[in-house]
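Listed here are the chains, written in short residue letters.
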Amino acid sequence: MELGALRVLARELTGPARTPVEVRVDTEALARSGREVVAVMRVDGTAPLEELSLLETAAMARAWRAQGVRVRGVEVDHDCATASLEAYAHWLEREKRALGDDLTLSMTALPTWASSPAVTRLASVPTELVLQVHAVRAPSLFSPDEARGFIETWARATGRPFRVALPTYRVRLRTGQQLAAQPRHVAELLAGLRERPVPEVVGIVWFRLGHRGDPESWSLPTLAAVVRGEPLVPGLVPRLVEAGNGTLDIVLENPGPVDADAPAHLTLSGRLEVLDGVGGYAAQGDSLVARTPPHLRVGERRVIGFVRGTEVTLAGP
């Protein structure tokens, strides 16, 4: 898998009051990566841009550069209402003039902006455009057909080169509903772009790059498999593992090529004396049942229960 530049959050202002969010950046790691970096300023779409400047983010980017980071430019992530695009374009033009020639200016965009008369002016300002085709219309997170429609509509509306931001994450709504970007759906869109390219699409931006501390994003092997167009067949394996004193741990392992959801129901056979579940699983008769099964990343191993008895085997989901 070959990745290009890294987009790194440098500054975030949330809510209508533009409350600053603490952002920690490991500049030593960025410098060691040797990759180009774009410093991102994210401003809540409900917040006004008046009296706000991009120059503070630019100053951070230049400070990173002084520490050895290969900073390419800055990016504005501001999902404002379509009715505010004219004012956004005016603000962006002003900030670009003040930015200087040593940093490129990038901007994220929403597909819903394509219908605005102001979109042509807005899209002509930045050096780079990134079209977000995920989490556009609640409660959907990502649909390959919808994303393809967004891409084609945006290309017709602006006629300019742009990158497409694709999701690699899961999110839980306030209602408790969980939405997930399925690797097979994202792979379907990529395959379609290979077969029927949209000339204005010049690259992909992945949101976001997973790591061990971010269980809600894809693992790197999963992202690599999607990028390479490899088969995305889950390989989850349940096992019984000796735990001593006649007890067997019930274990799930994922040695497969992609992250996978665990089964909601796992049945055992034999003469069971004790059966109990952990990690969201509970015993029901000869089975372990989970209302919300866990999600195992590639290489992950998880104990979901234990059992005592004789001639105990896993009978499968």
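Reading guide: rules and limits
- Residues numbered from 1 in each chain as written.
- Predicted model: local features only at pLDDT ≥ 70, side-chain atom pairs only at ≥ 80, totals over all residues.
- Heavy atoms only, no water.
- Helix = DSSP H or I, 4+ residues; strand = E, 2+ residues; numbered from the N terminus.
- Buried < 20%, exposed > 50% of the residue type's maximum accessible area, 1.4 Å probe, protein only.
- Areas by Shrake-Rupley, 256 points an atom, 1.4 Å probe, with all protein chains shown as cover.
- Expected span 1.5 Å × (residues − 1).
- Arc of directions from axis to C-beta.
- Salt bridge = Lys/Arg side-chain N within 4 Å of Asp/Glu carboxyl O.
- Pairing = 2+ DSSP bridges.
- Axes fitted to C-alpha atoms, helices over the stretch in contact; angles between N-to-C directions.
- Core = buried A, V, L, I, M, F, W, Y, C linked by side-chain atoms within 4.5 Å.
- Contact = heavy atoms within 4.5 Å.
- Parallel < 35°, antiparallel > 145°, perpendicular 65-115°, else oblique.
- Left-handed = near helix turned anticlockwise from the far one by under 90°.
- Nonpolar A, V, L, I, M, F, W, Y, C, P; charged D, E, K, R; others polar.
- 1 Å grid on protein atoms, 1.4 Å probe; cavity = no way out; pocket = protein on both sides within 12 Å on 5 of 7 lines; lining within 4 Å.
- Points joined across faces, edges and corners; volume = space filled by probe spheres on them.
- Phe/Tyr/Trp six-rings, centres within 6.5 Å; stacked < 30°, edge-to-face > 60°.

Named according to an unreviewed UniProt entry, the protein chain is DUF3142 domain-containing protein originating from Hyalangium rubrum.

Student: I'm lost on the overall build of the protein chain in this one. Help?
Tutor: Of regular secondary structure, the protein chain possesses 7 helices and 18 strands. Reported as C-alpha extents along the three principal axes, the dimensions of the protein chain are approximately 75 × 40 × 35 Å. For the protein chain, buried positions account for 42% of its 317 residues. Accessible surface for the protein chain amounts to roughly 15,800 Å². Of this, 51% is attributable to carbon and sulfur atoms.

Student: Any chance you could explain helix α5 (residues 144–158) here in plain terms?
Tutor: Think of an α-helix as 3.6 residues a turn; residues three or four steps apart then line up on the same face. Taking 1.5 Å per residue, 15 residues should reach 21 Å; α5 reaches 21 Å between its end C-alpha atoms and fits that length. Every buried residue of α5 is listed here: Pro144, Ala147, Arg148, Phe150, Ile151, Trp154, Ala155 and Thr158. Burial along α5 is one-sided: seen end-on, the buried residues are contained in an arc of 160°. What points out from α5, more than 90 degrees from its buried face, is the exposed set Asp145 and Arg156. Remark: Gly159 follows α5 within two positions and exhibits a positive phi of approximately 65°.

Student: Can you walk me through the pattern of salt bridges in this structure?
Tutor: Two side chains that carry opposite charge are able to pair once their charged atoms sit near each other. Applying the stated rule across the entire model yields 24 salt bridges. A salt bridge links Asp102 to Arg65, with the shortest nitrogen-to-oxygen separation between them at 3.1 Å. Separated by 37 residues along the polypeptide, Asp102 in the loop between α3 (85–99) and β5 (104–109) and Arg65 in helix α2 (residues 55–66) bring together distant segments of the chain. On the basis of relative accessible area, Asp102 is assigned to the partly exposed category, the value being 36%. By relative accessible area, Arg65 is classed as partly exposed at 29%. Here Glu128 makes a salt bridge to Arg72, at a shortest N to O gap of 2.8 Å.

Student: Could you clarify how one ought to interpret the sheet that holds strand β7 (residues 162–167) in this entry?
Tutor: Two pairing modes exist for strands in a sheet, parallel and antiparallel, and in both the strands are linked by backbone hydrogen bonds. The strand order β2-β1-β3-β4-β5-β6-β7-β10 describes an open sheet built from 8 strands, whose pairing is mixed. The sheet is open, and its two edges are formed by β2 (19–21) and β10 (201–207), each paired on a single side. Between one strand and the next, the sheet's axes are offset by a mean angle of 25°, whatever the strand orientation. Relative to β10, β7 is paired through 6 bridges, and the arrangement is parallel. The partner of Val164 across the bridge, within β10, is Ile204.

Student: In this structure, what is going on with the nonpolar core? I would like to understand it.
Tutor: Among the nonpolar cores identified, the biggest contains 65 residues, and Tyr88 and Trp113 are the most heavily contacted of them. At 6 residues, α3 tops the list of elements feeding residues into this core. Every residue in contact with Trp113, bar those within four places of it in the chain, is listed here: His78, Asp79, Cys80, Ala81, Thr82, Leu85, Tyr88, Met107, Thr108, Val119, Leu122 and Trp154. Residues Ile250, Leu252, Leu268 and Ile304 belong to the second largest nonpolar core, which totals 14 residues.

Student: Looking at this model, I keep getting lost on the packing of helix α6 (residues 183–195) against helix α7 (residues 220–228). Mind explaining?
Tutor: Two measures define how a pair of helices packs: the angle their axes make with one another and the distance between the axes. At a minimum axis distance of 9 Å, the contact between α6 and α7 shows a crossing angle of 25°. With respect to their mutual orientation, α6 and α7 come out roughly parallel. Our pair here, α6 against α7, has a crossing hand that is right-handed. On α7, the residues that touch Pro183, Val186, Ala187, Leu190 and Arg194 of α6 are Thr222, Val226 and Val227. By residue class, the composition of the contact of α6 with α7 is 6 nonpolar, 1 polar and 1 charged.

Student: I tried to follow the layout of surface pockets on my own but got confused; where do I start?
Tutor: Space left empty within the atom packing is revealed by a probe, the size of a water molecule, rolled over the atoms. One number sums up the size of the second largest pocket: a volume of about 480 Å³. For the lining of the second largest pocket, the secondary structure elements donating two or more residues are β8 (170–172), β9 (178–180), α6 and β13 (260–261). Looking at the lining of the second largest pocket residue by residue, the classes come out as 11 nonpolar, 7 polar and 6 charged.

Student: Just to check I follow, could you spell out the packing of aromatic side chains for this structure?
Tutor: Given two aromatic rings, one states the distance between the centres and the angle between the planes to describe the pair. One pass over the structure, following the stated rule, counts 4 aromatic pairs. Taking the centre distance of 6.0 Å and the plane angle of 80° together, the rings of Tyr88 and Trp113 count as edge-to-face. Taken together, the positions of Tyr88 in helix α3 and Trp113 in the loop between β5 and α4 (119–123) put the pair 25 residues apart, joining distant regions of the chain. Per residue, the accessibility class of Tyr88 equals that of Trp113, and both read buried.

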